[in-house]
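The lines below spell out each chain.
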Amino acid sequence: MAAIEILDLEKSYLVGFWRKRRKLALRPLRLTIEEGEVFGFLGPNGAGKTTTLKLLMGLVFPTAGTARILGMEMDDPRVKSQIGFLPEQPYFYDHLSARELLNYYGQLSGMPAKGRSARVEQMLARVGLSDSAGLQLRKFSKGMLQRVGLAQAILHDPKLVFLDEPMSGLDPMGRREVRDLIQQLRHEGKTVFFSTHILSDAEALCDRVGVIQQGELRGVGAVAELTSQAQGKVEIIFYAASVPAGLTSLGAEARVSGDMVNAVLPEEQQEAALEVLRRERLKLISLTPVRSSLEEYYVQKLRPTEIRRGAGV
Amino acid sequence: MSSGGVNSRIGYIAFNTFREAVRDRVLYNLIAFALLLSGAAILVGEISIDIERLVVVNLGLTAVSLFGVVIAIFIGIGLVSKEIDKRTLYTVLSRPVRRWEFVVGKFFGLTGTLVVNTLFMAIGVFLALLYVAHKFEKMDAWVLVALYFIVLQFLIVCALALFFSTFSTPLMSAVFTFALFVIGSLAEDLRGFARITQGLGGWLATVVAYLVPNFSALNVISLVAHGDPVPGRLILYNSVYALLYSAMAISGAVLIFQRRNLK
């Protein structure tokens, strides 16, 4: 069974003084995420990641379309007891301690009184906040609030966890811990849907990623496939106004950016490609092995109109 | 035992609202109230011109009302908007909490805070009465009825502040609520004016007079200060009126909040 089925979910807002102008925040989105999958939703700020999450959480209402979560309609009240949500840059009740806050959320989630306190303590320990559990949240740093946010998202042992920029505001150690936490959730069989613009996190954690820009899903790909595609490729950057025809026959994927060309091609074609540059008297800027094809994929999906393949410049 | 019922969720939200308000030093107003009342009692005791009781009841109950209304407005207007601005609402509504439960819970939390606040102030008023009169009299029981009416006022003010806060900025919500409080305090005069005005003006005045909350009917401070009894029928009418008016304002708040996009 799919954990999330997004069926042409769309959101637009009426803007302007007379609210007559329609601003599209999310174009019809169709996406399926399987149970037990860790899915990364990638895109720059303002791309529509948070809007998608808010729609799924019922915080904003869709203009059109719907979604099914864990086999239920997204506005079915039963859904909420089986999902956890960490908003971007979470903020909580200033005058509560972390322990009180988690206990409050546990109550709202319908957790039985028996065992709730033990679960709260367990979660506090899991995110490394046992020592600060009695401190009021207004005294917490941004990173500590993020940890509280993670603890409240998984407190009631949800089947599906939505995390909006979970690494935001964390130091390298904190980021590592969040990564470990998501890995643990994966091992526990949970489905994780998280948004990020940090590609290394997505590459390390996700089974699949989706790239979104300007409210439009630009592509979905399996990270393992993308990574395997990267092996044995080199990236050549050189000065040129267009892609030399000789590179096309070598199987290069090239992109023109200003007065530079960025070409990715099989490693075994490296010498032949350099020969083409010498012949055409083009100045080489760099030649590096491709490490992250996810980054390539991301860049390609974000700027499809700028992508020029081979000689088709 | 599961703790997931509607009533328990409303109760948890109400208790959390109360706890936040108390920890946010809302009850500190009691210090100012105590200072004001004890100062007045001592001053009246010194002057001693046989109107001590009148002055203490008038001043005490007016202070209870004003302090409470100010708290009701200033906390009420932020109850929903603050939670949206600070995004604390997101983690609440992503749980099995319906939006109407959140609004009703917030309302009960704030009214609970005001009831506790009023309770302490009431003790202050009776202590001041005891100080100036040296004993309680039978007519002092009517002060309790006046305090009950003040609490009914708070119910309406809280509901209105909450209603405005579901669609307006905190500043505008404060302005609207305070304006309604002032106009509502003059509701009886407005109704009298409507009765003697003819034509469209009269019709408009009647609509406004009956639409605004009738706070003047809930004000029996002067009556009890003079030791006069409060008619039983008024207690019944005011109770029903305040409950219905608050329920209507809360229903309006729920209807708006149910449809609101939390951007």
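Just so it is clear, the model here is predicted, and its values are computed rather than measured.

J.: How should the interface of chain B and chain A be read in this particular structure?
T.: Interface extent is often summarised as the accessible area lost during association of the parts. The interface is formed by 25 residues belonging to chain B together with 26 residues belonging to chain A. Counting residues per element, the ones that place at least two in the side of chain B that touches chain A are α1 (6-23) and α5 (88-93) of chain B. Here the side of chain B that touches chain A is composed, by residue class, of eight nonpolar, eight polar and nine charged.

J.: Got a minute to help me understand the environment of A:A133 in this structure?
T.: Residue and element names in this part refer to chain A. Turning to its location among the elements, A133 is positioned in the loop between α3 (116-126) and α4 (142-154). Take A133: there are 19 C-beta atoms within 10 Å of it, and that puts it in the partly exposed class. Sequence-wise, A133 and R99 are 34 residues apart; in three dimensions their C-alpha atoms are separated by 5.2 Å. Beyond its immediate stretch of four places on either side in the chain, A133 contacts S97, A98, R99 and L124.

J.: What's the story with the environment of A:K139 in this structure? I'm lost.
T.: Structurally, A:K139 can be placed in the loop between α3 and α4. Note: C-alpha distance between A:K139 and A:S97 (42 residues apart in sequence) is 9.4 Å.

J.: It is not clear to me how the sheet that holds strand β7 (residues 160-164) of chain A should be interpreted in this structure. Could you clarify?
T.: Within a sheet, neighbouring strands are paired by backbone hydrogen bonds and run either parallel or antiparallel to one another. All names here are of chain A. Here six strands make up an open sheet; going across it, the order is β6-β7-β8-β3-β9-β10 and the pairing mixed. The open sheet has two edge strands with one neighbour each: β6 (83-86) and β10 (216-222). Looking at each pair of strands side by side, their axes are set apart by 15° on average, direction ignored. Examined bridge by bridge, strand β9 (residues 208-213) and β10 share six bridges and lie antiparallel to one another.

J.: Sorry if this is basic, but what is going on with helix α9 (residues 270-279) of chain A here?
T.: The periodicity of an α-helix, 3.6 residues per turn, causes residues three or four positions apart to be oriented the same way. All names here are of chain A. For α9, the complete set of buried residues consists of A273, V276 and L277. When α9 is viewed along its axis, its buried side chains cluster within an angular range of 95° and face the same direction. In α9, the exposed residues that point more than 90 degrees away from the buried face are E271, E275, R278 and R279. Looking at the packing, one finds that the buried side of α9 touches β11 (233-239), α8 (245-248), β13 (260-266) and β14 (284-289). Once α9 finishes, R281 follows within two positions and takes phi at roughly 55°, a positive value.

J.: What exactly am I supposed to notice about the pairing of β11(A) here?
T.: In regular strands, side chains alternate between the two faces of the sheet. All names here are of chain A. Pairing analysis gives seven bridges linking β11 to β13, with the strands arranged antiparallel. Note that in β13 the partner of V234 across the bridge is L265. One ladder, built from five bridges, connects β11 with β14; its direction is antiparallel. Bridging from a neighbouring strand, I236 pairs with L287 of β14.

J.: Would you mind showing me how to read the packing of helix α7 (residues 141-165) of chain B against helix α12 (residues 232-259) of chain B here?
T.: Packed helix pairs are characterised by how far apart their axes lie and by the angle those axes make with each other. All names here are of chain B. For the pair α7 and α12, interaxial distance at closest approach is 8 Å and the crossing angle is 15°. Considered as vectors, α7 and α12 are oriented roughly parallel to each other. α7 and α12 meet at a crossing whose hand is left-handed. Residue-level inspection shows V145, F149, L152, L155, I156, A159, L160, L162 and F163 of α7 in contact with α12, the latter providing I235, N238, S239, A242, Y245, S246, A249, I250, G252 and A253. Classifying every residue of the contact of α7 with α12 by side-chain character gives 15 nonpolar, four polar and no charged.

J.: What am I meant to see in the pairing of strand β4 (residues 64-69) of chain A here?
T.: Residues and elements named next belong to chain A. Of the pairings in the sheet, the one linking strand β1 (residues 2-15) to β4 comprises five bridges and is antiparallel in character. Pairing of I6 across the sheet is with A67, part of β4. Where β4 hands over to strand β5 (residues 72-73), the hairpin turn is made up of two residues, of which L70 adopts a positive phi near 50°.

J.: In this structure, what is going on with the sheet that holds β4(A)? I would like to understand it.
T.: Residues and elements named next belong to chain A. With antiparallel pairing, four strands are arranged side by side in an open sheet as β2-β1-β4-β5. Unpaired on one side and paired on the other, β2 (21-34) and β5 mark the two borders of the sheet. Note that β4 and β5 share two bridges and pair antiparallel. By the bridge assignment for β5, R68 is matched with E73. The sheet contacts of helix α1 (residues 49-57) involve β1, β2 and β4, and relative to β2 the element is tilted by about 70°.

J.: Looking at this structure, I do not really get the domain arrangement of chain A. What am I missing?
T.: Residues and elements named next belong to chain A. Split by domain assignment, chain A resolves into domain 1 (2-221) and domain 2 (231-309). Centre-to-centre separation of domain 1 and domain 2, based on C-alpha positions: 37 Å. Listed by partner, the interface residues are 10 residues for domain 1 and eight residues for domain 2. A breakdown of the residues in the side of domain 1 that touches domain 2 according to their chemical character gives five nonpolar, three polar and two charged.

J.: Before we go on, may I ask you to explain unusual backbone geometry in this structure?
T.: Note on backbone geometry: most residues besides glycine have negative phi, and most peptide bonds are trans. Residue and element names in this part refer to chain A. With a phi close to 50°, L70 is a non-glycine residue in the positive phi region. With respect to the helices and strands, the residue L70 is situated in the loop between β4 and β5. Of note, E165 is a non-glycine position whose phi angle comes to about 50°, a positive value. Mapping E165 onto the fold places it in the loop between β7 and α5 (172-187).

Basis of the calculations
By convention here, each chain's residues receive numbers from 1 onward along its written sequence. Naming scheme: in the order in which they are written, chains are lettered from A and ligands are numbered from 1. Totals for whole chains, interfaces and linings use all residues, but because this is a predicted model, local features are given only for residues with pLDDT of at least 70 and pairs of side-chain atoms are given and counted only at 80 or more. Distance between backbone-placed C-beta atoms decides contact: two residues are in contact if it is within 7 Å. Secondary structure elements follow DSSP: runs of H or I no shorter than four residues count as helices, runs of E no shorter than two count as strands, and numbering proceeds from the N terminus. For this classification, Asp, Glu, Lys and Arg are treated as charged, while Ala, Val, Leu, Ile, Met, Phe, Trp, Tyr, Cys and Pro are nonpolar and the rest, including Gly, are polar. To assign burial, the other C-beta atoms lying within 10 Å of each residue's own C-beta are counted, with C-beta atoms placed from the backbone; 20 or more indicates buried, 12 or fewer indicates exposed, and intermediate counts indicate partly exposed. Whether two strands pair comes down to DSSP finding at least two bridges between them. Simply put, an axis is a line fit to the C-alpha atoms, just over the touching stretch for a helix, and the angle between two N-to-C directions goes from 0 to 180 degrees. Relevant arc is that of directions from the helix axis to the C-beta atoms, nothing else. Comment on the angle field: the value is read as roughly parallel under 35 degrees, roughly antiparallel over 145, roughly perpendicular from 65 to 115, and oblique elsewhere. The handedness criterion is simple: a crossing whose near helix is rotated anticlockwise from the far helix by less than a right angle is left-handed, and one whose near helix is rotated clockwise is right-handed. Each domain's extent was defined by an automatic or database domain assignment.

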